[in-house]
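Residues per chain are reported as follows:
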Amino acid sequence: MMNKLFRKKSVDRIVADAQQGTGLAKVLGVRDLVSLGIAAIVGAGIFSTIGLASYEGGPAIALLFVFVAFACVFTALAYAQFASTVPVSGSAYTYAYVTFGELFAWIIGWALVLEYAVSNAVVAISWSQYFVSMLEGFGIHIPKWLTMAPGYAADAHEKFLSVGMNALSISDKVELQAYLSAPRIGDVPVILDLPAGLVTVLVTWLVYVGIKESQQASNIMVAIKVGVILVVIAGGVFFVKPENWTPFMPNGISGVMGSVAAVFFAFIGFDSISTTAEECKNPQRDLPRAMIICLVICTLLYVAITLVLTGMVNYTELNVKDPLTFVFKYVGFDHMAGVISVTSVVAITSALVVYQLAQPRIWMTMSRDGLLWKKFARVHPKYKTPSFATIVTGIVVAVPSLFFKMDFFIDLTSVGTFFAFILVCAGVLYMDYTGLSEKSKFRVPYINGKYLVGLGVVVAWILVYQYRQDALQEWKEMSWRDIVEHRSLLVVFWLVWFVLAIMSFRYQFSLLPVAGILINLYLMSQLGASNWIIFLIWLGIGLTVYFAYGFRHSKLNE
């Protein structure tokens, strides 16, 4: 049985299986891929979660964007090598099937289901906030209880009861109004985010009718999106007050790293490009180029917009879900806020399109391998899209977006994505070791890590000892139980680095994939324990599905 759990698919077989009657239309070039990548990356991250991150970490969040971008660059190079080697839909799921075997492939595929579905729920919620703001600019007011998750209203009501009205922020007062004005079933207020659910249904329909139509719509919306961001940067510069950047790191390094989930979420999406491999005209050439171009453009935009937002408004006021509109309202430039609200509605829709494109193609690939029901691999005879999987994706995203809070989704998304990124980077090391890299038309630049990885461990410990005496003292005062509960992932990080140093010395591993593993693992260690608990529950459900269906119906059984 153990041999079956880790059985692998060869590159030749995966490519051959993909070529047998999928019926997907090959219409995407490098420009289209870059557009789709920017559409995915510059979504809820820059239009929404950037405000939440700045509220927690202050202006120093700009530096965290740069740090996280480094992790994504290393990971993007690994994705690009895999995409040029295995040019089929499936993203990290397919890559794990080639390198680590079926069980790991299933785990990654199940994690990607969580990543894309949950990410799109965040984008839908962000879209809803800008849409409501836009309508208010035209004098149209939707009842507040139809525009937010019930958790926000309940939290605002509890805060009001404990500290009073004067201590509430602007957003708290809006949420309290929703709680007080909502109709009730018994003692339970009826509160939901109706616009978020409706836009998901509309975007699902667009994705259902064709990749070409989705791509054309996405190109137009991306142009509008980048234009909005450049307008905010150019216009916001004139309202920047340098004193708002002081203190630069108000909550210390822990406050900055506490925003890892929100900042990392902003970059989630570049891997979605790889799910369209079977619809690319030249995937081996175009996918690597598109991934790197997307990351460079988006990092520059994120850093610039963060500095402008935190310069216009003190970071303590940015705990809002529509920060780009909010900052201009705050400084009294209501006309600009209205323009941003209108264009942001169009811009954020492009991110919804990309995520709704990616998710069904993961399911389609898993179904084609026999691990999911055959219906998920069904391709519409007219529209040439994975029809059943697209409909299910719409339901899975639309229903939760009606009722759940945005920050819950952000934290949950990051755990599964970090896990997938680490395995993709490790997969490149495996490809190099086994010789599979010889089939790659694009390869991660090789830098011999034989001595550098071990040297990095030594330098890191010296720096920790020299500059983080407070952290070392905190560790000394902790019991073993506290370390297990609150620092276990950090212990795993150091152990993995030590093991990789030994293996790099022995096998002369390439430095860049190793760096990708370590940076992603470190960022992963900064996430809260509750995120891990929910992820493990999700993983348990996935393993149940696999052993109940996928293990017995896998095509490799043949």
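Starting afresh in each chain, residues are numbered from 1 along the sequence in its written order. Reporting of local features is limited, given that this is a predicted model, to residues whose pLDDT is at least 70; pairs of side-chain atoms are given and counted only at 80 or more, and all residues count toward the totals for whole chains, interfaces and linings. Side-chain figures throughout are based on the complete set of non-hydrogen atoms in the structure, without hydrogens or water.

Looking only at helices and strands, the chain features 24 helices and two strands. Contact definition: two residues touch when any of their heavy atoms are within 4.5 Å. Contacts spanning at least 24 positions in sequence make up 84% of the contacts within the chain whose residues lie at least 6 apart. Here, Shrake-Rupley sampling with a 1.4 Å probe gives the accessible areas, and only protein chains in the shown set may cover a residue. Surface summary for the chain: the accessible area is close to 22800 Å², and the carbon and sulfur share equals 67%. The way it works is that DSSP assigns letters per residue, a run of H or I at least four long becomes a helix, a run of E at least two long becomes a strand, and they are numbered from the N terminus.

The subject of this paragraph is the confidence of the model for the chain. For every residue, the pLDDT score states the predictor's confidence, bounded by 0 at the bottom and 100 at the top. Chain-level pLDDT for the chain is 79 on average; 87% of the residues reach the 70-or-more range. Per-element averaging of pLDDT across the chain places helix 21 (residues 480–486) at the bottom with 57 and helix 22 (residues 488–507) at the top with 89.

This brings us to helix 10 (residues 194–208). Three- or four-residue spacings in an α-helix give side chains the same orientation, since the helix completes a turn every 3.6 residues. Expected span of a helix: the number of residues minus one, times 1.5 Å. Between its first and last C-alpha atoms helix 10 spans 22 Å; for 15 residues at 1.5 Å apiece the expected length is 21 Å, and the two agree. Burial classification: accessible surface area is computed with a 1.4 Å probe over protein chains only, and a residue below 20% of its type maximum counts as buried, one above 50% as exposed, and the rest as partly exposed. What helix 10 keeps buried is the set Pro195, Ala196, Gly197, Val199, Thr200, Val203, Thr204, Leu206 and Val207.

Before going further, it helps to spend a moment on the environment of Val491. Mapped onto the fold, Val491 is located in helix 22. For Val491, a relative accessible area of 29% puts it in the partly exposed group. Linking Val491 and Ser525, residues 34 residues apart in sequence, is a C-alpha distance of 8.9 Å.

For the bond from Thr246 to Pro247, the omega torsion is 0°, close enough to zero to count as cis. Residue placement: Pro247 occurs in the loop between helix 11 (211–236) and helix 12 (252–257). Backbone geometry at Gln508 places phi at a positive 55°, although glycine is not the residue there. Relative to the assigned elements, Gln508 resides in the loop between helix 22 and helix 23 (511–525). Here Gln508 falls in the partly exposed class, since its relative accessible area comes to 37%.

A separate point is the packing of aromatic side chains. Pairing of aromatic side chains requires ring centres within 6.5 Å, counting the rings of Phe and Tyr and the six-membered ring of Trp. Pairs whose planes differ by under 30 degrees are stacked, by over 60 edge-to-face, and all others tilted. Taken as a whole, this structure holds 26 aromatic pairs when the rule is applied. Here the aromatic rings of Tyr507 and Phe509 are separated by 5.9 Å at their centres, their planes lie at 25°, and the arrangement is stacked. Look at Phe509 and you get buried, because its relative accessible area is 9%. Its end group placed over the ring of Tyr179, Arg184 keeps NZ or CZ at 5.1 Å from the ring centre. Only when the NZ atom of a Lys or the CZ atom of an Arg is both within 6 Å of the ring centre and within 35 degrees of the ring normal do we say a charge sits over the ring. One cation-aromatic arrangement involves Lys450 over Phe505; the distance from NZ or CZ to the ring centre is 5.1 Å.

Attention now goes to the state of the cysteines. One way to say it: the disulfide is the covalent bond shared by the sulfur atoms of two cysteines. In this description, the term disulfide denotes a pair of cysteine sulfurs within 2.5 Å. Using the criterion set out here, one finds zero disulfides in the structure. Note on Cys72: no disulfide assigned, nearest cysteine sulfur contributed by Cys425 at a separation of 9.9 Å. Cys425 gets classed as buried once you look at its relative accessible area, which sits at 0%.

Before going further, it helps to examine the pattern of salt bridges. Basic side-chain nitrogens of Lys or Arg form a salt bridge, by our definition, when they fall within 4 Å of a carboxyl oxygen of Asp or Glu. On inspection of all chains with the given rule, the structure shows three salt bridges. Residue Glu136 is joined to Lys144 by a salt bridge in which the shortest nitrogen-to-oxygen separation is 2.6 Å. One salt bridge in this structure joins Asp432 and Arg443, with 3.6 Å as the shortest N-O distance. Of this pair, Asp432 sits in helix 18 (residues 406–434) while Arg443 sits in the loop between helix 18 and helix 19 (452–467), and the two are 11 residues apart along the sequence.

This next bit is on a nonpolar patch on the surface. A cluster of nonpolar side chains, Tyr433, Phe498, Val499, Ile502, Met503 and Tyr507, forms an exposed patch at the surface whose accessible area comes to about 590 Å². Topologically, Ile502 is positioned in helix 22. Exposure above 30% relative accessible area and no salt bridge define the residues that can form patches, which grow by joining like charges within 9 Å and nonpolar side chains of Val, Leu, Ile, Met, Phe, Trp and Tyr within 5 Å.

Angle between the axes and distance between the axes are the two parameters that describe a pair of packed helices. Between N-to-C directions, angles span 0 to 180 degrees; the directions come from axes that are lines fitted to C-alpha atoms, helices contributing only their stretch in contact. One can describe the packing of helix 7 (residues 102–137) onto helix 10 by two numbers: an axis separation of 8 Å at closest approach and a directional angle of 115°. The angle between the axes of helix 7 and helix 10 places the two elements in the roughly perpendicular class. Between helix 7 and helix 10 lies a crossing whose hand is right-handed. Where helix 7 abuts helix 10, its residues Ala124, Ile125, Trp127, Ser128, Phe131 and Val132 lie against Pro195, Ala196, Val199 and Thr200. Amino acids outside the nonpolar list (Ala, Val, Leu, Ile, Met, Phe, Trp, Tyr, Cys, Pro) and the charged list (Asp, Glu, Lys, Arg) are all regarded as polar, and Gly is one of them. A breakdown of the residues in the contact of helix 7 with helix 10 according to their chemical character gives eight nonpolar, two polar and no charged. Oblique is the label for every angle not falling under 35 degrees (roughly parallel), over 145 degrees (roughly antiparallel), or within 65 to 115 degrees (roughly perpendicular). Whether a crossing is left-handed or right-handed is set by the direction in which the near helix is turned from the far one by less than a right angle, anticlockwise for left-handed and clockwise for right-handed.

Further remarks concern the environment of Leu318. Mapped onto the fold, Leu318 is located in the loop between helix 14 (283–312) and helix 15 (323–330). With a relative accessible area of 0%, Leu318 lands in the buried category. Considered as a pair, Leu318 and Glu56 are 262 residues apart in the sequence and their alpha carbons are 9.0 Å apart. The residues touching Leu318, leaving out its near neighbours within four places in the chain, are Gly51, Leu52, Ser54, Tyr55, Leu309, Thr310, Val313, Phe326 and Val327.

This next bit is on the side chain of Asp369. If you trace the backbone, Asp369 turns up in the loop between helix 16 (334–368) and helix 17 (387–403). Those residues in contact with Asp369 that sit more than four places away from it in its chain are Lys9, Tyr93, Tyr97, His553, Ser554 and Lys555.

Our focus in this paragraph is the side chain of His157. Secondary-structure assignment places His157 in helix 8 (residues 150–163). Non-local contacts of His157, meaning those with residues more than four positions away in its chain, are made with Leu176, Tyr179 and Leu180.

Over its 12 residues, helix 9 (residues 170–181) runs 17 Å from end to end, which matches the ideal 16 Å to within 8%, given 1.5 Å per residue. Those residues of helix 9 not exposed but buried are Ser171, Asp172, Glu175, Leu176, Ala178 and Tyr179. Summarising the axial view, the buried residues of helix 9 lie within an arc of 155°, below the 170-degree limit, and thus occupy one face. For helix 9, the exposed residues set more than 90 degrees away from the buried face come down to Ile170 and Leu180. Tucked into the core, helix 9 has its buried residues touching helix 8, strand 1 (184–185) and strand 2 (188–189). To be clear, the arc concerns the directions from the helix axis to the C-beta atoms.

Let's shift gears to the environment of Phe70. Mapped onto the fold, Phe70 is located in helix 5 (residues 61–85). Residue Phe70 is classed as partly exposed on the basis of its relative accessible area of 47%. Spatially, the C-alpha atoms of Phe70 and Thr299 are 9.6 Å apart, while their sequence positions differ by 229 residues.

Now for the packing of helix 15 against helix 16. Here helix 15 crosses helix 16 at 170°, and the two axes come no closer than 7 Å. Classed by the angle they form, the pair helix 15 and helix 16 counts as roughly antiparallel. Across from Leu324, Thr325, Phe328 and Lys329 in helix 15, the residues of helix 16 making contact are Asp334, Met336, Ala337, Ile340 and Ser341. Here the contact of helix 15 with helix 16 is built from residues that sort into five nonpolar, two polar and two charged.

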